[in-house]
Amino acid sequence: MIILSAKDIAKAYGEDVILKDVSFNINKGDRVGVIGINGAGKTTLLDILAGRTKAESGDFFVSEDTTIGYLKQKDDFSPEGTVIEQVEKIFSHFPAMEKEMEMLAKEIAGLAGSPDQEPLLTRYDRIQHEFMDRGGYLYKSEIKGVLSSMAFGPEMYQKTVSTLSGGEKTRLALASLLLEKPDMLFLDEPTNHLDIGTINWLEQYLKSYKGTILIVSHDRYFLDRTVNRIFEIENHRLFKYEGGYDGFAEKKRLKREVEFRHYQNTQKQIKKQEEIIRRFKGHGTEKLAKRAASREKMLARMEKPEAPAAGRSKIKISFKEKFKSGKDVVLAEGLSKAFGHGSNKKTLFEGLDVDIKRGERICIVGQNGIGKTTFMRMLTGEIEPDSGYIKNGHNVSFGYYDQGQQRLSPGNTVLEELKEAYRLYSDTEMRSILGRFLFRGDAVFLKVGALSGGEKARLALLKLMLSGDNVLLLDEPTNHLDIDSREIFEDALVDFPGTVMAISHDRYFLKKIPDRILELTDQGFVEFLGNYDYYAEKKKETGSGSKYLDELKNKDRKVQEKERGNTRENIQEEEPGKREKAPDPAEERKMKKQREAEERRLQREKKATEQEIEMLEKEIGDLEKQMCGEEAQKNLQTLENMGERLSQAKEELTKKYQKWLQYHDS
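Residues numbered from 1 in each chain as written. Predicted model: local features only at pLDDT ≥ 70, side-chain atom pairs only at ≥ 80, totals over all residues. Heavy atoms only, no water.

K.L.:
Break down the overall build of the protein for me, with residues and values.
P.N.:
A tally of helices and strands in the protein yields 21 helices and 18 strands. Total accessible area on the protein is roughly 35,700 Å²; 48% of this is exposed by carbon and sulfur atoms. (Helix = DSSP H or I, 4+ residues; strand = E, 2+ residues; numbered from the N terminus. Areas by Shrake-Rupley, 256 points an atom, 1.4 Å probe, with all protein chains shown as cover.)

As structure tokens, this is what we get:
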């Protein structure tokens, strides 16, 4: 059953096109992941479907009586309210029902034995059943359960929303939405600011959720475990794929390969057609001139695909170290840290030990608020431990990526921000470097404070890349990066010869980067010698075309074999020195017949070759059309088979053109 349908949705801001001809259907119970580069229009699409933004054109339909819950990247909370007040508003009808039942109970008790008691009992019974059916006896425990899963203990219930951090507000918004239980969930980057334990809980919750879900996310691992369809927004259009993220990634890789081969082959065909036209014109005959004109018209009508999206501009990252550190990078022993005093004192951790060697790639995980960022800032010297000591090794140079980009100056332009840190570069060199991170043209004059989260992340990474530091300290570095940028960034870290220590909840990142994972607890680090898969396993153990073309090929071989024969084998070479005799009329007639027969044979073969060319051109066109169709995109093996046959057909077509040209040159 279709619950949401969209047709030809388009959206633009001035001349900046965001969405164009976007059409899709979503069935009840679907779990759809929406992906695309930053700025592709993912949030805009959700805003349109939720009725918060109007499309320029097109239309969409939501089935009757369907409720939509929307988790946005920016919440709509009232800053004066408390945490518990925010979620209790969702169930405001239950206290009213409880109050009504209480009043009815008193009235019923006062009318004991009276006939007037009967209608009150009926009314009380109806309200009680409704209260029970809607979860009235369970909602308080449900509130506590969901809030607890989102790291809101009872001690936080009375905190005002204005005092919450950005991550806490995101978690509160998600908790409120899950408690509302709408028919459709629109989730915009739901895993941002969540720790691994909370993300795992959310995954399990969404798996058991009975409604329909639309998720905008760059979290590849989360998408692979929660969705059964992928919508990718690319070049203003929406492309649909069945399956999770890994299946999408493989289909997209194959699609790009096919598109690239198609683009290359089309370029070859264009050059081949241009060469044929040139040679036709070079013969100077009226017939071939007409053929050249016909070919030129055909070439003008030919569909000329754009360069495939794989060639789209991407950030270019490479981390270099100006000099090597010593083998021992950092040794820390007995670290502890607490904040506050007296009854308000909160201990983050104590007894923390760590030994880091050159070239290691270490990732730190742990619950939100446990002190991961605090520990990393201890390494940079920004925060002093309450006890213990830290010893840095020889030639250690720290480069720090702050997840909040607090080290960027909001009043600077992008260009000024970079020039302040690296004064030796000229403006031209600096703009060229910024171009590698997609800051081009007037974008270099934008104020840092006006940049999006993704743009700030790119700028901070660029500053880190230019630093040349040999130890990279990264605090949630993949937040705000789109999937393409994340993969490029990960590859750059793999190639970095220095030392990496990263705080991350991105499980794809945790699978690819670390050679050991340190889980921070209030009692220090717990070490796992491997990547995320090993970590998760240990945590689980511990409970924490075608027959016709074949005939044409066989026929072609026979023609070639025949052409190899000597067509003048009956003509005797004249002996040198002998006088030239007058041609024998009978012999002359015989030779004339042979020449005419040869010409007829060549015409037949030429015509057959033209028919073969026509058949191949038709097959190629059909294959290219089928490969772009939705059915082919669903079946990876079918797409591969079509791609192989397309390459074969185009190779055969090239050979046929070469053979056909020989008939005109002979």
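Continuing now.
K.L.:
How would you explain a nonpolar patch on the surface if you had to name every residue and give the values?
P.N.:
On the surface, a cluster of nonpolar side chains totalling about 340 Å² of accessible area is made up of Met 132, Tyr 137 and Leu 138. Mapped onto the elements of the fold, Leu 138 is located in the loop between helix H4 (117-133) and helix H5 (139-149). With relative accessibility at 54%, the residue Leu 138 sits in the exposed group. (Patch = residues over 30% accessible without salt bridge, like charges linked within 9 Å, V, L, I, M, F, W, Y side chains within 5 Å. Salt bridge = Lys/Arg side-chain N within 4 Å of Asp/Glu carboxyl O. Buried < 20%, exposed > 50% of the residue type's maximum accessible area, 1.4 Å probe, protein only.)

K.L.:
How would you explain the sheet that holds strand S5 (residues 68-71) if you had to name every residue and give the values?
P.N.:
On the basis of which strands lie adjacent, the open sheet formed by six strands has the order S5-S6-S7-S3-S8-S9 and mixed pairing. Only two strands of the sheet have a single neighbouring strand rather than two, namely S5 and strand S9 (237-242). The sheet shows a mean angle of 15 degrees between the axes of neighbouring strands, taken without regard to direction. Bridge analysis of strand S3 (residues 31-35) against strand S7 (residues 212-216) gives four bridges, and the strand direction is parallel. Bridging from a neighbouring strand, Val 32 pairs with Leu 214 of S7. Contacting S3, S5, strand S6 (184-188), S7, strand S8 (229-234) and S9, helix H1 (residues 42-49) crosses the sheet at an angle of about 150 degrees to S6. (Pairing = 2+ DSSP bridges. Axes fitted to C-alpha atoms, helices over the stretch in contact; angles between N-to-C directions. Contact = heavy atoms within 4.5 Å.)

K.L.:
Outline unusual backbone geometry, supporting the account with residue identities and numerical values.
P.N.:
One non-glycine residue, Asp 65, lies in the positive phi region at around 65 degrees. As for its position among the elements, Asp 65 is in the loop between strand S4 (57-62) and S5. Judged by its relative accessible area of 69%, Asp 65 is exposed.

K.L.:
Hey, could you go over the packing of helix H12 (residues 414-421) against helix H14 (residues 453-467) for me, with residue numbers and the actual values?
P.N.:
Between H12 and H14, the least distance of the axes is 11 Å, while the angle of their chain directions is 25 degrees. Our classification of the angle between H12 and H14 gives roughly parallel. As H12 packs across H14, the resulting crossing turns out to be right-handed. The segment H12 lies against H14, with Val 414, Glu 417, Leu 418 and Ala 421 engaging Leu 459, Leu 462, Lys 463 and Leu 466. By residue class, the composition of the contact of H12 with H14 is six nonpolar, no polar and two charged. (Parallel < 35°, antiparallel > 145°, perpendicular 65-115°, else oblique. Left-handed = near helix turned anticlockwise from the far one by under 90°. Nonpolar A, V, L, I, M, F, W, Y, C, P; charged D, E, K, R; others polar.)

K.L.:
A description of helix H11 (residues 372-380) should follow, citing residues and the corresponding values.
P.N.:
Buried within H11 we find Lys 372, Thr 374, Phe 375, Met 376, Met 378 and Leu 379. Once H11 ends, the next one or two residues include Gly 381, with phi positive near 90 degrees.

K.L.:
Explain the sheet that holds strand S1 (residues 2-13) residue by residue, including any values.
P.N.:
The three strands lie next to each other as S2-S1-S4, forming an open sheet whose pairing is antiparallel. In the strand order of this sheet, the two ends are held by strand S2 (16-27) and S4, each with one partner. Each strand axis lies, on average, 15 degrees off the axis of its neighbour in the sheet, ignoring direction. Looking at chain direction, S1 and S4 are connected through five bridges and run antiparallel. Bridging across to S4, Lys 7 finds its partner in Asp 59. The sheet contacts of H1 involve S1, S2 and S4, and relative to S2 the element is tilted by about 60 degrees.

K.L.:
Outline the packing of aromatic side chains, supporting the account with residue identities and numerical values.
P.N.:
The full count for this structure, using the stated rule, is 19 aromatic pairs. Seen from their ring centres, Phe 528 and Tyr 535 are 4.9 Å apart, and the 80 degrees between their planes marks the pair as edge-to-face. Following the ring pairs from residue to residue traces out a cluster consisting of Phe 91, Phe 94, Phe 131, Tyr 137 and Tyr 139. Above the plane of the ring of Phe 239 lies Lys 255, whose end atom (NZ or CZ) is 4.0 Å from the centre. In this structure, Arg 458 is placed above the aromatic ring of Phe 439, and the distance from its NZ or CZ to the ring centre is 4.9 Å. (Phe/Tyr/Trp six-rings, centres within 6.5 Å; stacked < 30°, edge-to-face > 60°. Lys NZ or Arg CZ within 6 Å of the ring centre and 35° of its normal.)

K.L.:
Mind laying out the packing of H12 against helix H13 (residues 427-436), listing which residues take part and the relevant values?
P.N.:
What describes two packed helices is the angle between their axes and the distance between those same axes. One way to put it is that H12 packs onto H13 with a least axis distance of 11 Å and a crossing angle of 115 degrees. The orientation of H12 with respect to H13, classified from their angle, is roughly perpendicular. Here the hand of the crossing between H12 and H13 comes out right-handed. Across the interface between the two elements, Val 414, Leu 415, Leu 418 and Lys 419 of H12 pack against Asp 427, Met 430, Arg 431 and Leu 434 of H13. The class makeup of the residues in the contact of H12 with H13 is five nonpolar, no polar and three charged.

K.L.:
Give me the nonpolar core: which residues, what numbers.
P.N.:
Core analysis: the largest hydrophobic core is formed by 50 residues, its most contacted members being Ile 143, Leu 147, Leu 172, Leu 174, Leu 185, Leu 187 and Leu 206. Per element, the largest residue contribution to this core is seven residues, and it comes from helix H6 (residues 166-180). Residues contacting Leu 185, with those up to four places away along its chain left out, are Gly 69, Leu 177, Leu 178, Leu 206, Tyr 209, Thr 212, Ile 213 and Leu 214. Ala 460, Leu 461, Leu 481 and Ala 502 belong to the second-largest nonpolar core, a separate cluster that totals 46 residues. (Core = buried A, V, L, I, M, F, W, Y, C linked by side-chain atoms within 4.5 Å.)

K.L.:
Let's hear about the confidence of the model for the protein: which residues, and what values?
P.N.:
On average, the protein scores 83 in pLDDT, and the residues at 70 or more come to 89%. Every residue in residues 545-580 scores below 50 in pLDDT, and together they form 24 contacts with partners more than four places removed in sequence or on other chains. (pLDDT = per-residue confidence, 0-100.)

K.L.:
Report on H5, specifying residues and quantitative values.
P.N.:
Taken as a whole, H5 has its buried residues at Tyr 139, Ile 143, Val 146 and Leu 147. Taken down its axis, H5 places every buried residue within 100 degrees of arc, on the same side. Residues of H5 that are exposed and point over 90 degrees away from its buried face: Lys 144 and Ser 148. Looking one or two places after H5, you find Ala 151, whose phi comes out positive at around 65 degrees. (Arc of directions from axis to C-beta.)

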